[in-house]
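The primary structure of each chain is shown beneath.
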Amino acid sequence: MTDRTLIRISGSDAHSFLQGLITNDVSKVKDGLVYAALLTPQGKFIADFFVAADGDALLLDVVTAVAPTLAQRLTMYRLRADVHIEECPLTVSRGTGPAPAGALPDPRHPDLGWRLISDSACSDDTDWDALRVAHVIPETGIELTPDTYILEAGFERLNGIDFKKGCYVGQEIAARMKHKTELKKGLVQVALSANVAVGTPITADGKPAGTMFTQSGTKGIAYLRFDRVTGGMLADGITVVRS
């Protein structure tokens with residue numbers, strides 16, 4: 001894959017440093033990949049990534065476009081901790097066929113196959129958009145934006161958040177959304193008869209109801225206001241029905 005960057009976090013405080021910042025429990029790396037996010041103090045999305053063990057160090061597998069932002073934020077939080085943050089030259093591959101030696105399962109969903117960190121690329125030709133739509137898997141820069149609250153994006157279902165791990169940046173907002181409110185908006189699968197552009201507004205009876213995102217065939221991922229999900233939803237004149 002050419003759109004992923006690896007950030008290596010090393011030093012005696014690497015594990016405790018990351019544990020106090022991200023949405024998932026870093027100690028789970030002993031069992032495989034950990035999917036997590038870094039949030040703003042207001043609980044909004046900055047970056048999502050996979051955490052992998054690299055000896056005593058940790059590797060963050062993140063979309064290249066947001067890697068500089070993630071590295072900058074981590075550096076800001078480092079203060080006096082014994083932590084070193086640097087780019088790693090290894091390559092990330094992924095696929096859904098037979099897993100190569102050293103590959104680990106994608107923790108978000110069994111159908112998302114495996115991921116491998118190695119010296120060379122060996123990704124297969126899986127239709128990732130089709131899989132993402134089938135299982136409502138958000139993608140950085142499409143469904144996941146700086147306005148995203150991760151519970152609305154399905155992070156609990158995708159094993160991207162641990163409510164028992166203790167404090168992290170944005171934890172109070174995420175916990176409040178989990179325990180004190182009912183989600184009124186979120187990502188869902190929808191059916192529609194024709195393609196519309198990513199970002200196309202969805203209306204219901206003439207009122208704003210959401211936004212259309214990734215499509216594959218007659219299905220797509222939409223962000224919807226649940227109180228306005230009706231049989232009369234439209235996106236650019238195309239009928240939208242919640243699947």
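Values in this document were obtained by computation on a predicted structure and should not be read as measured data.

S.K.: Give me the lowdown on the sheet that holds strand β5 (residues 84-88), citing residues and values where you can.
M.R.: As summarised here, the arrangement of the five strands in space is β2-β3-β4-β1-β5, forming an open sheet in which the pairing is antiparallel. The sheet is open, and its two borders are formed by β2 (34-39) and β5, each paired with just one other strand. Taken over all neighbouring pairs, the strand axes of this sheet differ in orientation by 35 degrees on average, direction set aside. One ladder, built from six bridges, connects strand β1 (residues 4-10) with strand β4 (residues 57-63); its direction is antiparallel. Each residue of the ladder has a partner; that of arginine 4, found in β4, is valine 63.

S.K.: Just give me the short version of the sheet that holds strand β13 (residues 233-235), but keep the residues and values in it.
M.R.: Adjacent strands of a sheet pair through backbone hydrogen bonds, lying either parallel or antiparallel. Within the closed barrel, the six strands sit side by side as β9-β12-β11-β10-β13-β14. Their pairing is antiparallel. Between one strand and the next, the sheet's axes are offset by a mean angle of 40 degrees, whatever the strand orientation. Along the sheet face, helix α3 (residues 128-135) touches β9 (185-192), β11 (207-216) and β12 (219-225) and points at about 140 degrees away from the line of β11.

S.K.: So what's going on with the packing of aromatic side chains? Residues and values would help.
M.R.: According to the stated counting rule, one finds two aromatic pairs in the structure shown. Between tyrosine 35 and phenylalanine 50 the ring centres are 5.3 Å apart and the planes differ by 40 degrees, which places this aromatic pair in the tilted class. Within this pair, whereas tyrosine 35 is found in strand β2, its partner phenylalanine 50 is found in strand β3 (residues 45-54), the two being separated by 15 residues in sequence. Look at tyrosine 35 and you get buried, because its relative accessible area is 1%. By relative accessible area, phenylalanine 50 is classed as buried at 3%. Ring plane angle 25 degrees and centroid distance 5.1 Å describe the contact between tyrosine 35 and phenylalanine 155, whose orientation is recorded as stacked. Here tyrosine 35, found in strand β2, pairs with phenylalanine 155, found in the loop between α3 and α4 (171-179); they are 120 residues apart in sequence, far enough to count as distant. The buried category is assigned to phenylalanine 155, whose relative accessible area is 0%. Ring-pair connections join several aromatic residues into one group, and the members of that group are Tyr35, Phe50 and Phe155. Sitting over the ring of tryptophan 128, arginine 94 keeps its end group 4.0 Å from the ring centre. Arginine 108 extends its terminal NZ or CZ atom over the ring of tyrosine 35, reaching a point 5.5 Å from the ring centre.

S.K.: Let's hear about the pairing of strand β6 (residues 91-95): which residues, and what values?
M.R.: In terms of burial, β6 is a largely internal element, five of the five residues being buried. Burial along β6 is two-sided: the face carrying Thr91, Ser93 and Gly95 and the face carrying Val92 and Arg94 are both buried. Pairing analysis gives five bridges linking β6 to strand β8 (residues 114-118), with the strands arranged antiparallel. Paired with valine 92 across the two strands is isoleucine 117, which belongs to β8.

S.K.: Describe in detail the nonpolar core, supporting the description with residues and values.
M.R.: The biggest cluster of nonpolar side chains holds 27 residues, and the ones touching the most others in it are Leu18, Phe49, Val51, Leu60, Leu70 and Leu74. Counting only elements with at least two residues in this core, the list comes to β1, α1 (14-19), β2, β3, β4 and α2 (67-78). In this structure, Ile137, Ala174, Phe213 and Ile221 belong to the second largest nonpolar core, which totals 25 residues.

S.K.: Please give an account of unusual backbone geometry that cites residues and values.
M.R.: In this model, leucine 79 sits at a positive phi of 50 degrees, which is unusual for a non-glycine residue. Structurally, leucine 79 is set in the loop between α2 and β5. Residue classification places leucine 79 among the exposed positions, given a relative accessible area of 72%. With a phi close to 50 degrees, valine 136 is a non-glycine residue in the positive phi region. Assignment of secondary structure puts valine 136 in the loop between α3 and α4. By relative accessible area, valine 136 is classed as buried at 11%.

Reading the values: the criteria
- Residues numbered from 1 in each chain as written.
- Predicted model: local features only at pLDDT ≥ 70, side-chain atom pairs only at ≥ 80, totals over all residues.
- Heavy atoms only, no water.
- Pairing = 2+ DSSP bridges.
- Helix = DSSP H or I, 4+ residues; strand = E, 2+ residues; numbered from the N terminus.
- Axes fitted to C-alpha atoms, helices over the stretch in contact; angles between N-to-C directions.
- Contact = heavy atoms within 4.5 Å.
- Phe/Tyr/Trp six-rings, centres within 6.5 Å; stacked < 30°, edge-to-face > 60°.
- Buried < 20%, exposed > 50% of the residue type's maximum accessible area, 1.4 Å probe, protein only.
- Lys NZ or Arg CZ within 6 Å of the ring centre and 35° of its normal.
- Core = buried A, V, L, I, M, F, W, Y, C linked by side-chain atoms within 4.5 Å.

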